[in-house]
Amino acid sequence: MSVVQRVRRKIEEKREQLGPALDVWERTVSLLQKQIQFADDMQEFTKFPTKTGRRSLSRSISQSSTDSYSSAASYTDSSDDEVSPREKQQTNSKGSSNFCVKNIKQAEFGRREIEIAEQDMSALISLRKRAQGEKPLAGAKIVGCTHITAQTAVLIETLCALGAQCRWSACNIYSTQNEVAAALAEAGVAVFAWKGESEDDFWWCIDRCVNMDGWQANMILDDGGDLTHWVYKKYPNVFKKIRGIVEESVTGVHRLYQLSKAGKLCVPAMNVNDSVTKQKFDNLYCCRESILDGLKRTTDVMFGGKQVVVCGYGEVGKGCCAALKALGAIVYITEIDPICALQACMDGFRVVKLNEVIRQVDVVITCTGNKNVVTREHLDRMKNSCIVCNMGHSNTEIDVTSLRTPELTWERVRSQVDHVIWPDGKRVVLLAEGRLLNLSCSTVPTFVLSITATTQALALIELYNAPEGRYKQDVYLLPKKMDEYVASLHLPSFDAHLTELTDDQAKYLGLNKNGPFKPNYYR
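Residues numbered from 1 in each chain as written. Predicted model: local features only at pLDDT ≥ 70, side-chain atom pairs only at ≥ 80, totals over all residues. Heavy atoms only, no water.

(A) Expanded view of the overall build of the chain. Within the chain, the regular secondary structure consists of 20 helices and 15 strands. Expressed as a percentage of the 523 residues in the chain, the buried residues total 49%. Restricting to contacts in the chain with at least 6 residues of sequence separation, those with at least 24 account for 70%. Of the roughly 26400 Å² of accessible surface on the chain, 53% is carried by carbon and sulfur atoms. (Helix = DSSP H or I, 4+ residues; strand = E, 2+ residues; numbered from the N terminus. Buried < 20%, exposed > 50% of the residue type's maximum accessible area, 1.4 Å probe, protein only. Contact = heavy atoms within 4.5 Å. Areas by Shrake-Rupley, 256 points an atom, 1.4 Å probe, with all protein chains shown as cover.)

Structure (structure tokens):
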């Protein structure tokens, strides 16, 4: 019999004699064992004696969590890599170095992301299959500046399949999915973009796309107008030879109309932003879903009972408000347009001035396309922990520059999440430094982007192949017939069946049986 067994037998024999005292003794022994275990754990922890050591451990754990094959890997802060992509010498498997991305080794991962996106962009893939035999973009040299995500990669590769040569940069310094940029570079697209570019990097990438010996762009696909502005200012001779510009943002379209009004727009341009298949789908339905995704990923906020002010009740604002209201938020609207304001009232929202509610709201969201909508005065009056973000394209809506002053402290708490701290301890939660929330901090629905991408592809085909004289030096809307064609390509995904007019019905309405079914001004 072992020593332990003999001791246990002795304890059993004496248990009745010892009574309650034995129970106390056993609990004491158990407590001592836990204290010893805790001391051992502490000793193991102190093997990392410095703050620096602990930070590096935390960073390595955080980095390992981003290695899973999910698109979330795109949204982590990669600032730990101190080497700028501009300083790296990288080549793809074909030996080409005509690109600049974060890490070309991520190409396989990015290819999987693109393949996933293709599954929900069947209409764009259908257009690719229908038209790639004809090569309607053969000879087109397209320079593009858009968000570089898996969805836009499907568009870029569709343009290439239709015969175009493409060079691409990012329209937002935070929205690029690095692995997707790597996959495009591996496929031979001259792409210059990475997540977390500086302002200098941003313009350098655009310039590298435009300025290349032996290659001159003849088409522009822009999102925000920065590429168009750069070519117009820096390369006027190139700008004059452009056959067409396609622009998809409120900001970019506004800049095109300014050029046209001043008589300086020497090429035809297509305003995709105001086409029905952009306004009513990308702006409305996309933002209705992605606003919540971006806010929850960054802040974990619960919306039930929260007071939210949405600045602007255009299509983007309408989508945001519908989502917030559905989760139980109390939503206020600010508007300059009486028609949009009346719509907001009819939808059950209070229309206010920002100054009236700024002290009480928990979240401020800008969706106007304007500048200085949220000023330093507003920011000073906000309550502690108020969340501030922007759903418009440009980073001008929130006066972030006014916050970069010595008396305010900036604290990065998560990727794309900053606490701006006032001297009295008040904190304002600023997301993506005032840049586009959904593409900087989360993803957007693939299917909706298929609608926009198909519209952009058709606009490029139309401008590139239009006979001389059809489009003058002005800004045009996509013909209604093309809008309807884009919509029809997406209906099979829902197993939707259109009703056909009889000859008598078509005559009664004064319509062609095959469309267009609405006048061009109809929205």
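(B) The pairing of strand β13 (residues 417-421), seen in detail. Among the five residues in β13, five count as buried, and that is most of the element. Residues Val417, His419 and Ile421 of β13 are buried on one face, and the alternating residues Asp418 and Val420, pointing to the opposite face, are buried as well. Note: strand β12 (residues 409-414) against β13, five bridges, orientation antiparallel. Residue pairing across strands places threonine 409 opposite isoleucine 421, the latter belonging to β13. Between β12 and β13, which pair antiparallel in sequence order, lie two residues; one of them, glutamine 416, sits at a positive phi of approximately 70°. Two elements, β13 and strand β14 (residues 427-431), share five bridges in a ladder whose sense is antiparallel. Note on β14: the bridge partner recorded for valine 420 is valine 428. Connecting the antiparallel pair β13 and β14 is a turn made up of five residues, with glycine 425 showing a positive phi of about 95°. (Pairing = 2+ DSSP bridges.)

(C) Spatial organisation of the sheet that holds strand β3 (residues 190-192). Judged by pairing direction, the sheet is parallel, and its seven strands sit side by side in the order β3-β2-β1-β4-β5-β6-β15 without closing on themselves. Of all the strands in the sheet, just β3 and β15 (475-477) have a single pairing partner and so form its edges. The sheet shows a mean angle of 20° between the axes of neighbouring strands, direction not considered. Here strand β4 (residues 219-222) runs beside strand β5 (residues 244-247); their pairing, made up of four bridges, is parallel. What sits directly across from methionine 219, in β5, is glycine 244. Contacting β5, β6 (269-271) and β15, helix α11 (residues 250-261) runs over the sheet at an angle of about 140° to β5. (Axes fitted to C-alpha atoms, helices over the stretch in contact; angles between N-to-C directions.)

(D) Main features of the UniProt feature "binding site: NAD(+)" (unreviewed entry) in the chain. UniProt tags Gly314, Glu315, Val316, Gly317, Lys318, Gly319, Glu335 and Asn438 as "binding site: NAD(+)" (unreviewed entry). Here valine 316 is to be found in helix α13 (residues 315-326). Note on placement: lysine 318 falls in helix α13. Once you skip the residues sitting within four places of it in the chain, lysine 318 turns out to touch Leu284, Tyr313, Cys340 and Gln343. (UniProt positions renumbered as here; feature names shortened; annotations may be inferred.)

(E) Focus on the sheet that holds strand β10 (residues 363-366). The eight strands are arranged β9-β8-β7-β10-β11-β14-β13-β12 in an open sheet whose pairing can be described as mixed. Unpaired on one side and paired on the other, β9 (350-351) and β12 mark the two borders of the sheet. Of the strands in this sheet, β10, β11 (386-390), β12, β13 and β14 touch helix α12 (residues 276-299), which is tilted by about 130° from β14.

(F) Structural detail: helix α4 (residues 107-119). The terminal C-alpha atoms of α4 lie 19 Å apart, and with 13 residues this matches the ideal 18 Å at 1.5 Å per residue to within 8%. Residues of α4 that are buried: Ala107, Phe109, Gly110, Glu113, Ile114 and Ala117. Projected onto a plane normal to the axis of α4, the buried residues spread over an arc of 155° and lie on a single side. Structural note: α4 exposes Glu108, Ile116 and Gln119 on the side pointing more than 90 degrees away from its buried face. Where α4 is buried, its residues contact α6 (150-161), α7 (178-186) and α18 (446-465). (Expected span 1.5 Å × (residues − 1). Arc of directions from axis to C-beta.)

(G) Representation of the environment of alanine 153. If you trace the backbone, alanine 153 turns up in helix α6. Judged by its relative accessible area of 0%, alanine 153 falls in the buried class. For the pair alanine 153 and valine 180, spaced 27 residues apart in sequence, the C-alpha separation works out to 7.2 Å. What alanine 153 contacts, discounting residues up to four positions off in sequence, is Ile114, Val180 and Leu184.

(H) Region of interest: the packing of helix α5 (residues 122-131) against α6. Packing of α5 against α6 brings their axes to within 9 Å, and their N-to-C directions diverge by 10°. Classified by the angle their axes make, α5 and α6 are roughly parallel. Side by side, α5 and α6 meet where Leu124, Ile125 and Arg128 of the first sit next to Val154, Leu155, Glu157, Thr158 and Ala161 of the second. Looking at the contact of α5 with α6 residue by residue, the class counts come to five nonpolar, one polar and two charged. (Parallel < 35°, antiparallel > 145°, perpendicular 65-115°, else oblique. Nonpolar A, V, L, I, M, F, W, Y, C, P; charged D, E, K, R; others polar.)

(I) Looking closely at the pattern of salt bridges. Here the structure, examined in full by the defined rule, presents 19 salt bridges. Note that aspartate 226 and arginine 255 form a salt bridge whose closest N and O atoms lie 3.1 Å from each other. A residue pair is termed long-range when its members are at least 10 positions apart, and aspartate 226 in helix α9 (residues 226-234) and arginine 255 in helix α11 qualify at 29 residues. Residue class for aspartate 226 comes out buried when judged on its relative accessible area of 16%. Residue arginine 255 is classed as partly exposed on the basis of its relative accessible area, which comes to 25%. Look at the salt bridges and you will find they share partners, linking Arg404, Arg412, Asp418 and Glu433 into a network. (Salt bridge = Lys/Arg side-chain N within 4 Å of Asp/Glu carboxyl O.)

(J) Structural view of the packing of aromatic side chains. Summed over all chains, the structure comprises nine aromatic pairs. Seen from their ring centres, tyrosine 232 and phenylalanine 239 are 5.4 Å apart, and the 75° between their planes marks the pair as edge-to-face. Measuring from ring centre to ring centre gives 5.2 Å for phenylalanine 447 and phenylalanine 494, while their planes differ by 85°; the resulting arrangement is edge-to-face. Placement of phenylalanine 447 in helix α18 and of phenylalanine 494 in the loop between α19 (480-490) and α20 (503-509) is noted, with a sequence separation of 47 residues between them. Given the relative accessible area of 57%, phenylalanine 494 is considered exposed. (Phe/Tyr/Trp six-rings, centres within 6.5 Å; stacked < 30°, edge-to-face > 60°.)

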